[in-house]
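Below, each chain spelled out in residue letters.
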Amino acid sequence: MGNGMKTNNQWASKLGFIMATAGAAIGLGNLWKFPYLMGRNGGGAFLAVYLLFICILGVPVMMVEMSLGRKTRHDPVQAYGDIHPHARIVGVFGVAAAFLILSYYSVIGGWILKYIVNYATTLAAPADFSEFISRPVEPVFWHFLFLGVTTLICYCGISGIERASKAMMPLLFVLLIVVIVRSVTLPGAVEGLKFVFIPHASAFTLSAVNAALGQVFYSLSLCMGITITYGSYLSEKENIPKSCLSVAGLDTLIALMAGIAIFPAVFSFGLEPGQGPGLIFGTLPKVFSAIKGGPFFALVFFALVLFAAVTSAIALLEVTISFAVDTLRWSRKKATVILGLLCFLAGVPSALSFGTLGQVTILNYSVFDFVGMITDNILLPFGGITMCYYIGWKWNPEYLVDEVERDGIPFKLKKVWIFFIRFLTPILVGVVTVTGFYSIYTIVRG
């Protein structure tokens, strides 16, 4: 299969591919969303369920997407179109999700840039996070700047993505260790470590299980078309199961390290671990302001969050670029510039939803939250369910087994893998979908 468009558009090295794919997965989902979900859902209890779902849901779905991308050498829409004429809708879900996620993801990336500049120039965080994001112009400017950096890297092509990822990912790891060392040496830090590693039975609720399920999709960038797109640039010599385990392992390690970096500091200062999205923008700056060398460690922390955000944003934009090049037959440079601009414009309402558009709601959601709801509760789960239907039942999964075994190494778990894709994965995704719609229903009812 394939139209030959991407045969020369491949990763230069296995390390570059692993770093880029891990960078796509390791983002704000790990350093922003995972810690606050863990804080809200009982720490170790949430972690235990999350690790289980990584194994039985995350890795199997990632293998499907990576092998499909390499087999077809196409963007997500064309890749699914190759296996069944009606399956293109699965790719459409993925491309649409990637575009919408990037539109509000870039807004958060802009907040991070603002914090870095503030710490670098004034040695302090913005005086009031809520006041900053409610301003009429500044959040839009930082959103534009973050997306501009992302677009510039993608404009340089696969080599630009690979170079950026190979530089940023090791730096992210080193900076995270620096913050961890400082956090765990604070007085009372051991309580934070207990919170992360010791499950609390009382916190083991259905909502915690559902949050862990949804976070696996978000954290590993599943059903966004990213793994298909990056897989389409993958050499036939690479071992897909090992590559997926490497990416999932790195992603989980960074999420866990983020918890170790954040919660000992939070507990040391007697702050609330279940604060939600404001954890890194509202709570942590208070910690940094109270410790020796605080501005330095704050700068280091927000720099590593920025690296994580940029590598994920690159992957989200690359999905839409791949679609425009492959399906719409645009040139890469034209696609990059136009889609970067469109994504910026689509994100402006989200950037203004805490101030200028603060009174505007859609089904009782703010604009920012509405876009997140559309992606997290509709596009991603529906993409997962339709993927399992077409791959598992309308097509023959054995074709993907052949692709997995292309390197000459037998895939011993192929029967288990096919069982997961046909039965277990759609059931788990169905749970996410139903509970997601129930939460929408309760919010809409007010």
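Criteria and cut-off values
- Residues numbered from 1 in each chain as written.
- Predicted model: local features only at pLDDT ≥ 70, side-chain atom pairs only at ≥ 80, totals over all residues.
- Heavy atoms only, no water.
- Helix = DSSP H or I, 4+ residues; strand = E, 2+ residues; numbered from the N terminus.
- Rg over C-alpha atoms; globule rule 2.2 N^0.38 Å.
- Buried < 20%, exposed > 50% of the residue type's maximum accessible area, 1.4 Å probe, protein only.
- Areas by Shrake-Rupley, 256 points an atom, 1.4 Å probe, with all protein chains shown as cover.
- Lys, Arg positive; Asp, Glu negative; His and termini not counted.
- Charge placed at Lys NZ, Arg CZ, Asp CG, Glu CD.
- Arc of directions from axis to C-beta.
- Contact = heavy atoms within 4.5 Å.
- Salt bridge = Lys/Arg side-chain N within 4 Å of Asp/Glu carboxyl O.
- Disulfide = S-S within 2.5 Å.
- Core = buried A, V, L, I, M, F, W, Y, C linked by side-chain atoms within 4.5 Å.
- Axes fitted to C-alpha atoms, helices over the stretch in contact; angles between N-to-C directions.
- Parallel < 35°, antiparallel > 145°, perpendicular 65-115°, else oblique.
- Left-handed = near helix turned anticlockwise from the far one by under 90°.
- Nonpolar A, V, L, I, M, F, W, Y, C, P; charged D, E, K, R; others polar.
- Phe/Tyr/Trp six-rings, centres within 6.5 Å; stacked < 30°, edge-to-face > 60°.
- Polar contact = N/O pair within 3.5 Å; in protein donor to acceptor, adjacent residues only side chain to side chain.
- pLDDT = per-residue confidence, 0-100.
- Patch = residues over 30% accessible without salt bridge, like charges linked within 9 Å, V, L, I, M, F, W, Y side chains within 5 Å.

What follows covers the overall build of the protein. Secondary structure summary: the protein contains 18 helices and two strands in total. In summary, the protein has a C-alpha radius of gyration of 21 Å against a globular reference of 22 Å for 446 residues, a match within 12%. Based on the C-alpha atoms only, the size of the protein along its principal axes is roughly 60 × 50 × 50 Å. The burial tally for the protein puts 59% of its 446 residues in the buried class. Entry remark: accessible area of the protein is about 16900 Å², with carbon and sulfur atoms responsible for 68%. Charged side chains in the protein number 29 positive and 21 negative. The centres of these two groups are separated by 2 Å.

This part covers helix H9 (residues 189–197). Considered for burial, the residues of H9 that qualify are Ala189, Gly192, Phe195 and Val196. Along H9, the residues classed as buried sweep out an arc of 110° about the axis, all on the same side. Considering only its buried residues, H9 is in contact with helix H2 (28–40), helix H3 (44–72), helix H8 (158–184) and helix H12 (240–268).

With the rule as written, the count across this model stands at nine salt bridges. For the salt bridge of Glu403 with Arg70, the shortest nitrogen-to-oxygen distance reads 2.7 Å. You can see Glu403 sitting in helix H17 (residues 398–404) and its partner Arg70 sitting in helix H3, a full 333 residues away along the chain. The salt bridge partner of Glu318 is Arg332, with a shortest N-O separation of 2.6 Å.

Glancing now at the state of the cysteines. Per the counting criterion, the structure on display carries zero disulfides. Cys154 provides the cysteine sulfur closest to Cys156, a residue in no disulfide bond, and the two sulfurs are 9.1 Å apart.

Looking now at unusual backbone geometry. Its identity as a non-glycine residue notwithstanding, Arg73 has a phi of 55°, on the positive side. Secondary-structure assignment places Arg73 in the loop between H3 and helix H4 (76–83).

Another point: the nonpolar core. Counting 161 residues, the largest nonpolar core has Tyr230, Phe281, Phe301 and Ile391 as its most contacted members. Those residues in contact with Phe281 that sit more than four places away from it in its chain are Trp32, Ile108, Trp111, Ile112, Tyr115, Phe129 and Phe302.

Here we come to the packing of helix H7 (residues 138–155) against helix H14 (residues 294–326). Interhelical geometry of H7 versus H14 gives an angle of 60° and a closest axis separation of 9 Å. One element, H7, and the other, H14, form an angle in the oblique class. Between H7 and H14 lies a crossing whose hand is right-handed. The residues of H14 that touch H7, namely those facing Phe146, Thr150, Thr151, Ile153 and Cys154, are Leu306, Ala309, Val310, Ala313, Ile314, Leu317, Glu318 and Ile321. Looking at the contact of H7 with H14 residue by residue, the class counts come to ten nonpolar, two polar and one charged.

This brings us to the environment of Ser207. Position of Ser207 among the secondary structure elements: in helix H10 (residues 206–219). By relative accessible area, Ser207 is classed as partly exposed at 47%. Between the C-alpha atoms of Ser207 and Thr433, which are 226 residues apart in sequence, the distance is 13 Å.

Let us now look at the packing of aromatic side chains. Counted according to the given criterion, the structure contains 33 aromatic pairs. With a centroid separation of 6.0 Å and 20° between ring planes, the pair formed by Trp111 and Phe368 is classed as stacked. Of this pair, Trp111 sits in helix H5 (residues 88–122) while Phe368 sits in helix H16 (residues 367–394), and the two are 257 residues apart along the sequence. Each member of the pair, Trp111 as well as Phe368, carries the same accessibility label: buried. Centroid distance Tyr115 to Phe129: 6.2 Å. Interplanar angle 65°. Geometry classified as edge-to-face. Here Tyr115 is found in helix H5, whereas its partner Phe129 is found in helix H6 (residues 129–133), with 14 residues between them in sequence. Residue classification places Tyr115 among the buried residues on the basis of a relative accessible area of 0%. Given the relative accessible area of 16%, Phe129 is considered buried.

A word on the side chain of Asn239. Here Asn239 shows up in the loop between helix H11 (226–231) and H12. For Asn239, a relative accessible area of 10% gives the class buried. A polar contact is formed between the side chain of Asn239 and the backbone nitrogen of Lys242, at a distance of 2.8 Å. The residues touching Asn239, leaving out its near neighbours within four places in the chain, are Asp407 and Ile409.

Moving on, we get to the side chain of Ser312. Here Ser312 lies in helix H14. Taking the relative accessible area as the measure of exposure, Ser312 reaches 4% and is therefore buried. Only 3.5 Å separates the side chain of Ser312 from the side chain of Tyr105, close enough to count as a polar contact. The residues touching Ser312, leaving out its near neighbours within four places in the chain, are Gly23, Ala24, Ala25, Ile26, Gly27 and Tyr105.

Predicted confidence across the protein gives a mean pLDDT of 88, with 96% of residues reaching 70 or more. Within the protein, helix H15 (residues 332–351) carries the highest mean pLDDT (97), whereas helix H1 (residues 14–25) carries the lowest (79). Across residues 1–8, where pLDDT falls below 50, the model places 21 contacts with residues more than four positions away in sequence or in other chains.

On the surface, Phe173, Ile177, Val181 and Leu253 cluster together to form a nonpolar patch covering roughly 310 Å² of accessible area. Per-element accounting of the nonpolar patch gives the leading share, three residues, to H8. Mapping Ile177 onto the fold places it in helix H8. Relative accessible area serves as the criterion here: at 38%, Ile177 is assigned to the partly exposed category.

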